[in-house]
Amino acid sequence: MNTAKASPDLPPQAHGRKVTWFELFFDLVFVVAVAQLSGAYAHHFDWAGAAGSVLLLLAMWWCWLGHTFHATRFDQQRPDQRRLGLVQIVAVCVIAYGVSDAFGARGPAFALGLAAFKLLLAVAYLRERRWRGAHGLIRAYAGLYLLQAALWAASAVLPPSPRLAMWLVAMALDLASPWWVARFTTTVRPHSEHLPERFGLFTIILLGEGVASSVHALDHGNLLHVQALAAAFSGLVLTFVAWVGYFEVTRAHDERVVTGASGGRDLRMWAYGHVPLYVGVFCQAAGTVAMASEASWTMSQTLLFGAGVAMTPLGLTLLRACSRNVV
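Caption draft 1: Inspection of the overall build of the protein at higher detail. From N to C terminus, the protein includes 10 helices and zero strands. Shown N-terminal to C-terminal, the secondary structure of the protein runs as helices and strands in the order α-α-α-α-α-α-α-α-α-α. Compactness check: the protein gives a C-alpha radius of gyration of 20 Å against a globular reference of 20 Å for 327 residues, within 12% of the reference. Principal-axis analysis of the C-alpha atoms places the extent of the protein at approximately 65 × 45 × 30 Å. Split into buried and exposed, the 327 residues of the protein put 53% on the buried side. Within the protein, residue pairs in contact and separated by at least 24 positions form 80% of the contacts whose partners lie at least 6 positions apart. Accessible area for the protein stands at about 14,600 Å²; split by element, carbon and sulfur atoms hold 68% of it. Put simply, the protein has 24 plus and 18 minus side-chain charges, and the middle of one group is 11 Å from the middle of the other.

Caption draft 2: Representation of the pattern of salt bridges in the model. Across all of its chains, the model carries nine salt bridges by this definition. R132 is the salt-bridge partner of D9, the closest N and O atoms lying 3.0 Å from each other. One end of the pair, D9, is in the segment before helix 1 (21–42); the other, R132, is in the loop between helix 4 (107–126) and helix 5 (135–155), and 123 residues separate them in sequence. The salt bridge involving D80 is made with R78; its shortest N-O contact spans 2.9 Å. Neither D80 nor R78 differs from the other in exposure class; each is buried. In the salt-bridge network here, residues are joined through shared partners; they are R78, D80, R127 and E128.

Caption draft 3: How the structure looks around the nonpolar core. By size, the foremost hydrophobic cluster in this structure holds 96 residues, and its most contacted members are W61, F110, W152, F199 and W270. Ignoring anything within four residues of it in the chain, the contact list for F199 reads W61, W64, L65, F69, Y246, W270, A271, H274 and Y278.

Caption draft 4: How the structure looks around the environment of T317. On the secondary structure map, T317 appears in helix 10 (residues 299–322). Here the alpha-carbon distance between T317 and G273, two residues 44 residues apart in the chain, equals 8.5 Å.

Caption draft 5: Local environment of the packing of aromatic side chains. Counting across every chain of the model gives 28 aromatic pairs. Judged by centre distance (6.4 Å) and plane angle (85°), the rings of F69 and F199 are edge-to-face. Residue F69 is found in helix 2 (residues 47–74), and its partner F199 is found in helix 7 (residues 194–218); the two are separated by 130 residues along the sequence. Judged by relative accessible area, which is 13%, F69 ranks as buried.

Caption draft 6: Local environment of helix 4. Spanning 20 residues, helix 4 covers 29 Å between terminal C-alpha atoms, matching the ideal 28 Å at 1.5 Å per step. Of all 20 residues making up helix 4, 14 are buried, and the element is well covered by its neighbours.

Caption draft 7: Layout of the packing of helix 1 against helix 2. Packing of helix 1 against helix 2 leaves a shortest axis separation of 10 Å and a crossing angle of 175°. Between helix 1 and helix 2, the interaxial angle falls into the category roughly antiparallel. Here F22, E23, F26, D27, F30, A33, V34, L37 and Y41 of helix 1 come into contact with helix 2, specifically with G49, A50, S53, L56, L57, M60, C63, W64, H67 and A71.

Caption draft 8: Just the packing of helix 2 against helix 3 (residues 79–99), in detail. Closest axis-to-axis distance for the helix 2/helix 3 pair is 11 Å, and the angle between their directions is 170°. With respect to helix 3, the element helix 2 is oriented roughly antiparallel. Between helix 2 and helix 3, the contacting residues are L56, M60, C63, H67 and F74 on the first element and Q81, Q88, I95 and V99 on the second. Its residues assigned to classes, the contact of helix 2 with helix 3 comprises six nonpolar, three polar and no charged.

Caption draft 9: Fine view of the environment of G200. Within the secondary structure, G200 is located in helix 7. C-alpha separation for the pair G200 and V31, spaced 169 residues apart in sequence, amounts to 14 Å. Setting aside anything within four residues of it in sequence, one finds G200 in contact with Y246 and F247.

Caption draft 10: Just the confidence of the model for the protein, in detail. For the protein, the mean per-residue pLDDT works out to 90, and 94% of the residues sit at or above 70. For the protein, helix 9 (residues 260–291) is the element with the lowest average pLDDT, namely 87, and helix 4 is the one with the highest, namely 98.

Conventions used here
Residues numbered from 1 in each chain as written. Predicted model: local features only at pLDDT ≥ 70, side-chain atom pairs only at ≥ 80, totals over all residues. Heavy atoms only, no water. Helix = DSSP H or I, 4+ residues; strand = E, 2+ residues; numbered from the N terminus. Rg over C-alpha atoms; globule rule 2.2 N^0.38 Å. Buried < 20%, exposed > 50% of the residue type's maximum accessible area, 1.4 Å probe, protein only. Contact = heavy atoms within 4.5 Å. Areas by Shrake-Rupley, 256 points an atom, 1.4 Å probe, with all protein chains shown as cover. Lys, Arg positive; Asp, Glu negative; His and termini not counted. Charge placed at Lys NZ, Arg CZ, Asp CG, Glu CD. Salt bridge = Lys/Arg side-chain N within 4 Å of Asp/Glu carboxyl O. Core = buried A, V, L, I, M, F, W, Y, C linked by side-chain atoms within 4.5 Å. Phe/Tyr/Trp six-rings, centres within 6.5 Å; stacked < 30°, edge-to-face > 60°. Expected span 1.5 Å × (residues − 1). Axes fitted to C-alpha atoms, helices over the stretch in contact; angles between N-to-C directions. Parallel < 35°, antiparallel > 145°, perpendicular 65-115°, else oblique. Nonpolar A, V, L, I, M, F, W, Y, C, P; charged D, E, K, R; others polar. pLDDT = per-residue confidence, 0-100.

Encoded structure:
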C-alpha cells in the first residue's frame, strides 16, 4: 500500500487500505452479541420486545461504530492499539452476556459493559494526542465518551425505570455525536475506502444472523414441520434479497470521499441510512425463528413482522439516495 501525503500533524492514510485481521476478529464478538439479542427477541416476539431489542441493537451498534470511526482515522496496528482492542473485546463479551436479559436481572452487566467500552474509547482517543491537527476531534470524542461512560456506569445501580431513562439519555448523545464532531470531518477525514468496507462487514454480520435464523427455524421443535420449512425458506429469501440490494444494487459499500461541508453531511446521512436497514434485517431474522413455532400468530405479530421486514427496503432506498453522488 502507498501512503497518501498528508500533514505531519494528522495520521497518514494509506491508499488501498483494507480491513485488518484484528478488525475481523473484533467483529466476531459482535456476531455473538447480535445472536444473543436476536434469540431473546425471537422468544418475546411482540411490540414491547421489538422496541427493547431495537434499542439494545442500536446501543451495541454505536459501540462498534465508535471503534470503527476511531480505527479508520488512527489505527496503525501499533501494539498498544491492539492491547486496548483486546480489552474492548472483553467489554463486548460482558455486553453480549447482559443483552439477553438487559431489562431484567442482567441489566447491570449490560450497563457496565457499555460503560467499560465507552471508557476504553475515550482512552483510545486520548492516546492519539500526538496528532496535533486532530486535537479538536480527540477532545470532542473523549469528552463525549467519558460522559457516556459515567451515565452507563451510574445506571447500573438504579432501579429498572430510572435505569432505562439514563440509557436513553446516553443513547441520545450517540445520536447527536455526528453533529457534535461535524466541524472536524473535513480536516480529520475517515478513510474513504476502509470505512465503507467496515460498514459492509457489519451488514454481513446481520445478514449472517438471517441465515443462522433460518437454520434455527428448522431446528425449532422436536419434529420438522411445514411451518418451520416455510419460515426457513422465507427467511433465506429475504436475506438474499437484502444482500443483493446492499452489495449489488445500492453498492453502499463503495468508496466515499469527503469533500467540503456537503461531503460531511452526505457521509452522516449515509451512515444513518444503515439504521433502518440493520433494524429490518435484525427483525426479520428474529421473526423467522418466531414464525417457526407451530402456535398460530396473532394479527399483532403478523403486523410486527411485516413492519420489521419493511424497514429493509426503506434503508436500501435511503442508501441508494445517499450513494448517487459518491465520488
